[in-house]
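What follows is the residue order along each chain.
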Amino acid sequence: MAELLTIGTFARAARLSPKALRLYDELGLLRPAAVDGESGYRFYEPDQLERARLIAWLRRLGMPLARIRRVCDLPAEQAAEEIAGYWEQLQAETAARGRLASFLVDYLTGKGSSVDDRATTLGIRYVARSESGLVRTSNEDAAYAGPRLLAVADGVRGGAGDLASATAIEALKELEALAIPAEDLLGALADAVDDADARIGRIAAASSDGEAVTTLTALLWSGSQLALAHIGDTRAYRLRDGELFQITHDHTYAQSLVDEGRLTAEEADSHPQRSLLVQALTGTGGSHPDLSLHQAAAGDRYLLCSDGLSAVVPAASLHEVLAGADGPQRALDDLIALAYAAGAPDNVACVVADVVPLDADR
């Protein structure tokens, strides 16, 4: 039997502090092989060094201790997959924070055009609809459209996915009743998304599997300003001057491969893990939605949708319908008809809104 190592010797070999080792003992993450009954001094087996070093590396990566415990208890191949998934999530969160930082720098230095204090007379005409897919027995998608808020959410299938999506939108609907100036629009929306995440956490705690997950894409209006919050693979598109733009960025594993140059957009569309999310509202407080401000213009048409539409209807077809339909209701009906014509393998949630002068007929 190999000689036991003192906590000091073991700490130096593992490049961990004795204080960290005592914490990991208390958390059940790395128990000592023996503890002196009188002094309480800890001793370790030499073969515990591999686990200790793995813990140290994962801590340097920034992984939370609860997740480290899960990784350390997995077989090597599954542990590697878990670490890869964590790194994808971390990159997505960093990218989202980077985009927000860039926006704030531009806004504060006057380089951006996203905030405009001019008086406007714009409003929206809007419709919303959520339908079950042809092969689904439940509908976790939710859609909402009101005078100031447009939102879609796609709950991840499971015990509480439908509750998570509905709860996210209910939390945001409270913004409709608040008088929010344009300069506070983005902060108010960000706070509402945080509130939605907290509510989802309570749902997860009460669910049978301890999980409640949803995507969310929402636009909040004030005059000609609109704030966008987005997390997951629900999408927002804008049709302006005949051109269709996707104004959200999918938080999926396949899209991350596209971003890294490892897949083309066409290859991502058929990737077996194209729906694997790297970001969503999970109720854990660790979500980082993309946040941005945009300037609306009369004649704009906006589409918010779940992947039940975007995954089966090509962008060219979306463009054709949005550019040609007379009014939001016709556009929405035609889009859902296209999803059903493509087999509607998933549930479909859509919101269509037209930007109009406020004195136009609603």
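This write-up is about the structure you can find in this document. Being a predicted model, the structure only gives us computed values, none of them experimental.

Topic: the overall build of the protein chain
So, step 1. Looking only at helices and strands, the protein chain has 12 helices and 13 strands in total.
So, step 2. In the protein chain, the proportion of contacts linking residues at least 24 apart, taken out of those at least 6 apart, comes to 66%.
So, step 3. Total accessible area on the protein chain stands at roughly 17,700 Å², and carbon and sulfur atoms take up 51% of it.

Some remarks on helix α4 (residues 65-72)
So, step 1. Along α4, the residues that are buried comprise L65, R67, I68, V71 and C72. Along the long axis of α4, the arc covered by the buried residues comes to 155°, so they all point the same way.

Side note on the sheet that holds strand β2 (residues 34-35)
So, step 1. The antiparallel open sheet is built from 3 strands, whose spatial order is β1-β3-β2. The sheet is open, and its two edges are formed by β1 (5-6) and β2, each paired on a single side.
So, step 2. Pairing geometry for β1 and strand β3 (residues 42-44), over 2 bridges, is antiparallel. Paired with T6 across the two strands is F43, which belongs to β3.

Here's the deal with the packing of helix α3 (residues 49-60) against α4
So, step 1. Two elements in contact, α3 and α4, have axes separated by 10 Å at closest approach and are oriented at 140°. With respect to their mutual orientation, α3 and α4 come out oblique. Along this stretch, α3 crosses α4, giving a crossing that reads as right-handed. Facing α3, whose interface residues are R51, L54, I55, L58 and R59, α4 presents L65, I68, V71 and C72.

Observations concerning helix α11 (residues 315-324)
What sets the pattern is the α-helix's 3.6 residues per turn: residues three or four places apart point alike.
So, step 1. All of the buried residues in α11 are L318, V321 and L322. Along the axis of α11, the buried positions cluster into a sector of 95°, meaning they face one direction only. Set apart from the buried face of α11 by more than 90 degrees, the exposed residues are A316, E320 and G324.
So, step 2. At its buried positions, α11 is contacted by β9 (235-240), β10 (243-246), β12 (301-305), α10 (307-310) and α12 (328-341).

Re the side chain of Q225
So, step 1. As for its placement among the helices and strands, Q225 is situated in strand β8 (residues 225-231).
So, step 2. Polar side-chain contacts of Q225 include one of 2.7 Å to the side chain of Q295.

Structural notes on the nonpolar core
So, step 1. Among the nonpolar cores identified, the biggest contains 34 residues, and L172, L175 and L216 are the most heavily contacted of them.
So, step 2. Elements supplying a minimum of two residues to this core: β5 (141-145), β6 (149-154), α6 (161-173), α7 (185-206), β7 (216-222), β8 and β11 (290-295).
So, step 3. In contact with L216, not counting residues within four places along its chain, are V152, A153, A168, I169, L172, V193, A229, H230, I231, T234 and L281.
So, step 4. The next biggest cluster of nonpolar side chains, apart from the first, holds 25 residues, and it includes F10, L21, L30 and I68.

Structural notes on the sheet that holds β8
So, step 1. Reading across from one edge, β5-β6-β7-β8-β11 is the order of the 5 strands in this open sheet, with antiparallel pairing throughout. Looking at strand neighbours, the two that pair on one side only are β5 and β11, the edges of this open sheet. When the angles between neighbouring strand axes are averaged without regard to direction, this sheet yields 10°.
So, step 2. Here β6 runs beside β7; their pairing, made up of 4 bridges, is antiparallel.

A short note on the pairing of β6
So, step 1. Where burial is concerned, most of β6 is hidden: 6 out of the 6 residues are buried.
So, step 2. Residues L149, A151 and A153 line one face of β6 and the alternating positions L150, V152 and D154 line the opposite face, and both faces are buried.
So, step 3. The sheet contact formed by β5 and β6 spans 5 bridges and is antiparallel. Its bridge partner lying in β6, Y144 is registered against A151.
So, step 4. The loop that links β5 with its antiparallel partner β6 comprises 3 residues.

Comments concerning the packing of aromatic side chains
So, step 1. Scanning the model with the defined rule gives 3 aromatic pairs in all.
So, step 2. Relative to F43, the ring of Y41 lies with its centre 5.7 Å away and its plane at 70°, an arrangement referred to as edge-to-face.
So, step 3. By relative accessible area, which is 39% here, Y41 ends up partly exposed.
So, step 4. Classification of F43 by relative accessible area gives partly exposed; the value is 23%.
So, step 5. Plain terms: the ring middles of W221 and Y302 are 5.8 Å apart, the flat faces sit at 90° to each other, and that makes the pair edge-to-face. Taken together, the residues span a long stretch of sequence, with W221 in strand β7 and Y302 in strand β12 at a distance of 81 residues. Residue W221 shares its accessibility class with Y302, and that shared class is buried.

Examining the state of the cysteines
So, step 1. All told, the structure shown has 0 disulfides when counted by the stated rule.
So, step 2. C305 forms no disulfide, and the closest cysteine sulfur to it belongs to C350, at a distance of 5.6 Å.

Quick look at the packing of helix α1 (residues 7-14) against helix α2 (residues 18-26)
So, step 1. Between α1 and α2, whose axes approach to 9 Å, the crossing angle comes to 100°. Considering their axes alone, α1 and α2 lie roughly perpendicular with respect to each other. Contact with α1, carried on its side by I7, F10 and A11, involves P18, L21 and R22 of α2 and no other residues of that element.

What counts as what
Residues numbered from 1 in each chain as written. Predicted model: local features only at pLDDT ≥ 70, side-chain atom pairs only at ≥ 80, totals over all residues. Heavy atoms only, no water. Helix = DSSP H or I, 4+ residues; strand = E, 2+ residues; numbered from the N terminus. Contact = heavy atoms within 4.5 Å. Areas by Shrake-Rupley, 256 points an atom, 1.4 Å probe, with all protein chains shown as cover. Buried < 20%, exposed > 50% of the residue type's maximum accessible area, 1.4 Å probe, protein only. Arc of directions from axis to C-beta. Pairing = 2+ DSSP bridges. Axes fitted to C-alpha atoms, helices over the stretch in contact; angles between N-to-C directions. Parallel < 35°, antiparallel > 145°, perpendicular 65-115°, else oblique. Left-handed = near helix turned anticlockwise from the far one by under 90°. Polar contact = N/O pair within 3.5 Å; in protein donor to acceptor, adjacent residues only side chain to side chain. Core = buried A, V, L, I, M, F, W, Y, C linked by side-chain atoms within 4.5 Å. Phe/Tyr/Trp six-rings, centres within 6.5 Å; stacked < 30°, edge-to-face > 60°. Disulfide = S-S within 2.5 Å.

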